[in-house]
Amino acid sequence: MQEISTKPYFMRAIYEWCTDNGYTPYMAVKVNHAARVPMEFVRNGEIVLNISFGATSGLKMDNDAVAFKARFGGVSRDIHVPVENVMAVYASENGQGMAFEVDLSEANENPETDAAADEPVKPVLGLAAVNSKPAPAETAETVASQEEVKKPEKKSEKPSLKIIK
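Below: a short report on this structure.

## Observations concerning the sheet that holds strand E1 (residues 25-30)
Alright, step 1. The antiparallel open sheet is built from 4 strands, whose spatial order is E2-E1-E6-E7. Looking at strand neighbours, the two that pair on one side only are strand E2 (46-50) and strand E7 (97-99), the edges of this open sheet. Across the sheet, the axes of successive neighbouring strands diverge by a mean angle of 15 degrees, strand direction being ignored.
Alright, step 2. Its contacts with the sheet place helix H1 (residues 7-20) against E1, strand E6 (86-91) and E7, and it is angled at close to 20 degrees to E6.

Laid out in structure tokens, this is it:
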């Protein structure tokens, strides 16, 4: 008999710890053909999901997968994530939680993967380093005037959901 992984137990423990302390549990997922998630929200082959009680319906975290219903853009979607695809479970407020190793290379090497895995990947714009020192030709006055022009706009309050019965 094969020993059961400790990963799903740790995932449930972190989820419970988050809810007991009033934090919002999030789950980072490595997406492949086995994960059923809204692909329009996947970035760099990964997605982060809010798995709190208020954001999900019928959440089930067993030893094989995490499954629930959630609304994305107002549309209810069925989510199914194999435990092997979970990269982390953590509290969004402070980042405390647990990260896990995810090795999906065996699954991706399988020639019988579904057609979606064979589709070309769209290029994603990445971050680039920016030199923070002003160029020698710039003076302190030009840097100060540029900073005045770049005054940040006042941010509005964080969006919130309103439950309507």
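## Looking at the sheet that holds strand E4 (residues 65-72)
Alright, step 1. Pairing is antiparallel across the open sheet formed by 3 strands, whose spatial order is E3-E4-E5. Pairing within the sheet leaves two strands with one partner each, and these edge strands are strand E3 (56-61) and strand E5 (75-82). Each adjacent strand pair in this sheet contributes to an overall mean axis angle of 15 degrees, direction not counted.
Alright, step 2. Note that E3 and E4 share 4 bridges and pair antiparallel. If you follow serine 57 over to E4, its bridge partner there is lysine 69.

## A few points about the pattern of salt bridges
Alright, step 1. Applying the stated criterion across every chain, the model contains 4 salt bridges.
Alright, step 2. As a salt-bridge pair, glutamate 40 and arginine 77 come within 2.9 Å of each other at their nearest N and O atoms. Taken as a pair, glutamate 40 in the loop between E1 and E2 and arginine 77 in strand E5 lie far apart in primary sequence, 37 residues in all.
Alright, step 3. Look at arginine 77 and you get partly exposed, because its relative accessible area is 24%.

## Comments concerning the environment of alanine 28
Alright, step 1. If you trace the backbone, alanine 28 turns up in strand E1.
Alright, step 2. Sequence separation of alanine 28 and asparagine 50 is 22 residues, and the distance between their C-alpha atoms is 9.0 Å.

## Thoughts on the nonpolar core
Alright, step 1. Membership of the largest hydrophobic core comes to 24 residues, with the highest contact counts inside it found for Met11, Met27, Val37, Leu49, Phe68, Val81 and Val89.
Alright, step 2. Where this core is concerned, the elements lending two or more residues are H1, E1, E2, E4, E5 and E6.
Alright, step 3. Those residues in contact with methionine 27 that lie beyond four places of it in its chain are Ile47, Val48, Leu49, Ile51, Val66, Phe68, Val81, Val86, Ala88 and Val89.

## Here we look at the pairing of E4
Alright, step 1. The antiparallel pairing of E3 with E4 creates a hairpin that spans 3 residues between the two strands.
Alright, step 2. Between E4 and E5, which follow one another and run antiparallel, lie 2 residues, and glycine 73 among them has a positive phi close to 60 degrees.

## Some points on H1
Alright, step 1. Its 14 residues give H1 an end-to-end C-alpha distance of 20 Å, which sits within 8% of 20 Å, the value for a rise of 1.5 Å per residue.
Alright, step 2. Within H1 the residues assigned to the buried category are Lys7, Pro8, Met11, Ile14, Tyr15 and Cys18. The arc that holds the buried residues of H1, viewed along the axis, is 125 degrees, so those residues lie on one side.
Alright, step 3. Buried residues along H1 sit in contact with E1, E3, E4, E6 and E7.
Alright, step 4. Following H1 by one or two positions, glycine 22 has its phi on the positive side, about 80 degrees.

Rules used in this analysis
- Residues numbered from 1 in each chain as written.
- Predicted model: local features only at pLDDT ≥ 70, side-chain atom pairs only at ≥ 80, totals over all residues.
- Heavy atoms only, no water.
- Pairing = 2+ DSSP bridges.
- Helix = DSSP H or I, 4+ residues; strand = E, 2+ residues; numbered from the N terminus.
- Axes fitted to C-alpha atoms, helices over the stretch in contact; angles between N-to-C directions.
- Contact = heavy atoms within 4.5 Å.
- Salt bridge = Lys/Arg side-chain N within 4 Å of Asp/Glu carboxyl O.
- Buried < 20%, exposed > 50% of the residue type's maximum accessible area, 1.4 Å probe, protein only.
- Core = buried A, V, L, I, M, F, W, Y, C linked by side-chain atoms within 4.5 Å.
- Expected span 1.5 Å × (residues − 1).
- Arc of directions from axis to C-beta.

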